[in-house]
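# Notes for the structure review
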Amino acid sequence: MMTEKESATDKIIADAMATPSPAKSMGDPGITPLSPSHIQQNDTDSNAHTGPSFIVVVAIDFGTTSSGYAYAFTKEPECIHTMRRWEGGDPGVSNQKTPTTILLTPDRKFHSFGYAARDFYHDLDPTESKHWLYLEKFKMKLHTTANLSIDTELHAANGKRVKAIDIFAYALAFFKEQALKELSDQAGAEFDNADIRWVITVPAIWKMPAKQFMREAAYKAGLVPRDNPEQLIIALEPEAASIYCRKLRLHQMIDIGTKTNQNGFSPTENVGAGMIQAKEHVRSKRQSRTFLVENVIGELWSELEEGDRYVVVDCGGGTVDLTVHQIRLPEGHLKELYKASGGPYGSIGIDYEFEKLLCKIFGPDFIDQFKVKRPAAWVDLMIAFESRKRAAAPDRTNPLNINLPFSFIDYYKKFRGHSVEHALRKSNVDFVKWSSQGMLRMNPDAMNALFKPTIDHIIQHLTDLFEKPEVSDIKFLFLVGGFAESPLLQQAVQNMLQGRSRIIIPHDVGLTILKGAVLFGLDPSIIKVRRSPLTYGVGVLNRYVEGKHPPDKMLVKDGTRWCTDVFDTFITCDQSVALGETVKRSYTPAKPSQQVIVIHIYCSEKEGVGFISELGVRKCGTLRLDVTGTESTVVRREIQTLMQFGDTEIRAMAVDVATSRTVKASIDFLSQ
């Protein structure tokens, strides 16, 4: 069946039942047409990332609060090595990853990353430190910026602005250098970057511009060359966690959904105790830094049968990401059942609540001023809060003490003319007192209140998700990410589920995504079916049909009546799309001399879209077809375009039908 849509600018052929395209010979998967009928899958040929063979896969987990890398050699895929121990570290916080903090010199050159950046910045004299550029928790900017572009800026602690792309590129270059150094030391010779397949993790709820921004930063950092995009894979965090969780053995996790724990604790007795034991277990194993992933499917997995469903809840520093997967046997491939959902409900929400509490006690004018004038002391205060935040638990009865830096006490007295103690007495904030040792003494209820808004968001989201028809009969709920260690969050999830699913927490919960990302890099075709987060399409002209099309959309050209602004749907929101499956369209240059065809891509959160002018439809990207150098004698050239939506990123390929030559095709979601 062919429907033909003609316009002055291009001819679009919606080729619903197409034959496998010439792209098959280009090392690409077999092309299955996107049609409403059942999707066929050519499994023998469906690895969308075939390319040169890599010696090693290095995954970078670029987190909001902490980051790290891990790697595995393709010859020993069951051995995952995590990065060397970082210098520095905080009391009460395990330093398997390093804080996502970066320091630039006053002339904006990269200085240091992680603990090194934080410690150096902290030791600078206040008169000097105000000239240095210190950034933390900056990853969230990619999620929260509505019109993200290459020029998006970030604010350093001293209030100065820097280009976000530079900061992300510096951070990735730092990890590249660390990983290459470690690999070279291990190999006893210089390790070639061309032998590495890089994987960068991003939240599944990120929109396309944010994913593309990460890729651009990787090109800028020299992680991979722009002409070899296949060397870098963008992995979705909850997907990576899901892949790793399949490998879990019983001793590598805590099951808080059953009455007796893997560690012999009853969850009602103490929801956090199992986690404490698990941490000890992890600490004793940590010396090796090498994790053996069983080649077989984990014991937990052996309980799963064909068609079983499970949810992965990835609770990080910035975002919470929820994915619903279904198992497909015998290979254990995964199929996404419902589009990724979540929101900015990570653990930094608790830091913001703490900041609001400080504003309530000491006044927002003072806190704003203190952050600018004494940025290093502010960082100190937040580090002190972080370790107490980790000590919060549902059954805690004794207060939590937070050290106030001396410069806070001193600066407050100068600013207000009275003491911190006086401010606390006057503020009427319940459950927060001043202790004579110079500490804020927080009653556990006050600490729990800081967690409440963030946890409430997560629970509300989970509740909504579990009401969806696709999300019934969930066997397991995997709680992963750094925030999953919180006993308060664990208890809230348990109360919400009421025993409907078993809650599983991997022991090394903060490294789950990192290890899964390595496994994903070794075999990217493991996730066979995904769901499209949005409806995508382009605007076209259709022949005008009386009674069907609105009169205000009519355009008469050369005696023919056309309907303008028609939305030609490529893929709809929450539609299942298989890996390697493509949407095929044909475009014709308006004039034979035209060198570049630019087509605007529109998107919407609605499923059924009729016109690009509808409410909620927005322009989100451009498809560029560069036909230079493929001159043709044909009067009307047809450029056949193939778009793939089944991967973690949207891709395009194009072929000049008359000459069968490849046309350079690219989709840009950033420079809008």
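Quick notes on the rules
- Residues numbered from 1 in each chain as written.
- Predicted model: local features only at pLDDT ≥ 70, side-chain atom pairs only at ≥ 80, totals over all residues.
- Heavy atoms only, no water.
- Helix = DSSP H or I, 4+ residues; strand = E, 2+ residues; numbered from the N terminus.
- Buried < 20%, exposed > 50% of the residue type's maximum accessible area, 1.4 Å probe, protein only.
- Contact = heavy atoms within 4.5 Å.
- Areas by Shrake-Rupley, 256 points an atom, 1.4 Å probe, with all protein chains shown as cover.
- Arc of directions from axis to C-beta.
- Axes fitted to C-alpha atoms, helices over the stretch in contact; angles between N-to-C directions.
- Parallel < 35°, antiparallel > 145°, perpendicular 65-115°, else oblique.
- Left-handed = near helix turned anticlockwise from the far one by under 90°.
- Nonpolar A, V, L, I, M, F, W, Y, C, P; charged D, E, K, R; others polar.
- pLDDT = per-residue confidence, 0-100.
- Salt bridge = Lys/Arg side-chain N within 4 Å of Asp/Glu carboxyl O.
- Core = buried A, V, L, I, M, F, W, Y, C linked by side-chain atoms within 4.5 Å.
- Pairing = 2+ DSSP bridges.
- Lys, Arg positive; Asp, Glu negative; His and termini not counted.
- Polar contact = N/O pair within 3.5 Å; in protein donor to acceptor, adjacent residues only side chain to side chain.

## Digging into the overall build of the protein chain
Counting its secondary structure elements, the protein chain contains 16 helices and 34 strands. Each of the 672 residues in the protein chain was classed as buried or not, and the buried ones make up 57%. Put simply, 70% of the contacts in the protein chain that link residues at least 6 apart link residues at least 24 apart. When the accessible surface of the protein chain is totalled, it reaches about 28300 Å², and 51% of it is carbon and sulfur.

## Section: helix H1 (residues 115-123)
Residues of H1 that are buried include every one of Tyr115, Ala117, Arg118 and Tyr121, and no others. What you see down the axis of H1 is that its buried residues fit within an arc of 165 degrees, all on one side. On the buried face of H1, the contacting elements are strand S6 (98-99), strand S7 (101-104), strand S8 (110-113), helix H2 (126-129), strand S9 (133-136) and helix H11 (375-389).

## Description of the packing of helix H4 (residues 164-187) against helix H5 (residues 208-220)
At a minimum axis separation of 8 Å, H4 and H5 run at an interaxial angle of 60 degrees. What the angle tells us is that H4 and H5 run oblique. The hand of the H4/H5 crossing is right-handed. Residues Ala164, Ile165, Asp166, Phe168, Ala169 and Leu172 of H4 pack against Phe213, Met214, Glu216, Ala217, Ala218 and Lys220 of H5. In the contact of H4 with H5, the residues fall into nine nonpolar, no polar and three charged.

## Here we look at the confidence of the model for the protein chain
Here the protein chain averages 83 in pLDDT, while 83% of its residues score no lower than 70. Under a pLDDT of 50 for its full length, residues 1-48 has, in the predicted model, 110 contacts with residues more than four places off or in other chains. In the predicted structure, residues 281-287 sits below a pLDDT of 50 and forms nine contacts with residues beyond four places in sequence or in another chain.

## Some points on the pattern of salt bridges
Applying the stated criterion to the full structure yields 28 salt bridges. With its nearest N and O atoms 2.7 Å apart, the salt bridge here joins Asp255 to Arg502. With Asp255 in strand S14 (residues 253-255) and Arg502 in strand S23 (residues 502-506), the pair connects residues that are 247 residues apart, well separated along the chain. The class for Asp255 is buried, based on a relative accessible area of 1%. For the salt bridge of Asp656 with Arg637, the shortest nitrogen-to-oxygen distance reads 3.0 Å. Note that Asp656 is positioned in strand S33 (residues 651-656) and Arg637 in the loop between strand S31 (618-626) and strand S32 (639-644), a separation of 19 residues in sequence. Taking relative accessible area as the criterion, Asp656 reaches 0% and is therefore assigned buried. Linked through salt bridges whose partners overlap, the residues forming this network are Lys137, Asp351, Glu386, Lys389 and Arg390.

## Section: the nonpolar core
Side chains that are nonpolar tend, in soluble globular proteins, to be buried together. Counting 150 residues, the largest nonpolar core has Phe168, Phe354, Phe362 and Leu477 as its most contacted members. Top contributing element to this core by residue count: H4, with twelve residues. Excluding its chain neighbours within four sequence positions, the residues that come into contact with Phe354 are Leu381, Met382, Phe385, Ile402, Leu440 and Leu450. In terms of nonpolar packing, the next biggest core, distinct from the first, is built from 32 residues, Val566, Tyr587, Ile597 and Cys603 among them.

## Looking at the sheet that holds strand S19 (residues 400-403)
On the basis of which strands lie adjacent, the open sheet formed by three strands has the order S19-S21-S20 and antiparallel pairing. Lying at the two open borders of the sheet, with one neighbouring strand each, are S19 and strand S20 (432-435). Sheet twist, expressed as the average angle between the axes of neighbouring strands with direction ignored, equals 30 degrees. Note: S20 against strand S21 (residues 439-442), four bridges, orientation antiparallel. Residue pairing for S21: Ser435 is matched across the bridge by Met439. Sheet strands in contact with helix H9 (residues 348-362) are S19, S20 and S21, and its direction is about 110 degrees off that of S21. Set on the sheet, helix H13 (residues 420-427) makes contact with S20 and S21; between it and S20 the angle comes to about 155 degrees.

## Looking at the side chain of Asp321
Note on placement: Asp321 falls in strand S17 (residues 320-328). Lys139 is the oppositely charged side chain nearest to the buried, salt-bridge-free Asp321, at an N-O distance of 7.9 Å. In this structure the side chain of Asp321 is engaged in a polar contact, spanning 2.5 Å, whose partner is the backbone nitrogen of Ala204. When residues no more than four places from it in sequence are discounted, the contact partners of Asp321 are Pro203, Ala204, Ile205, Pro238, Val312, Val313, Asp314 and Ser341.

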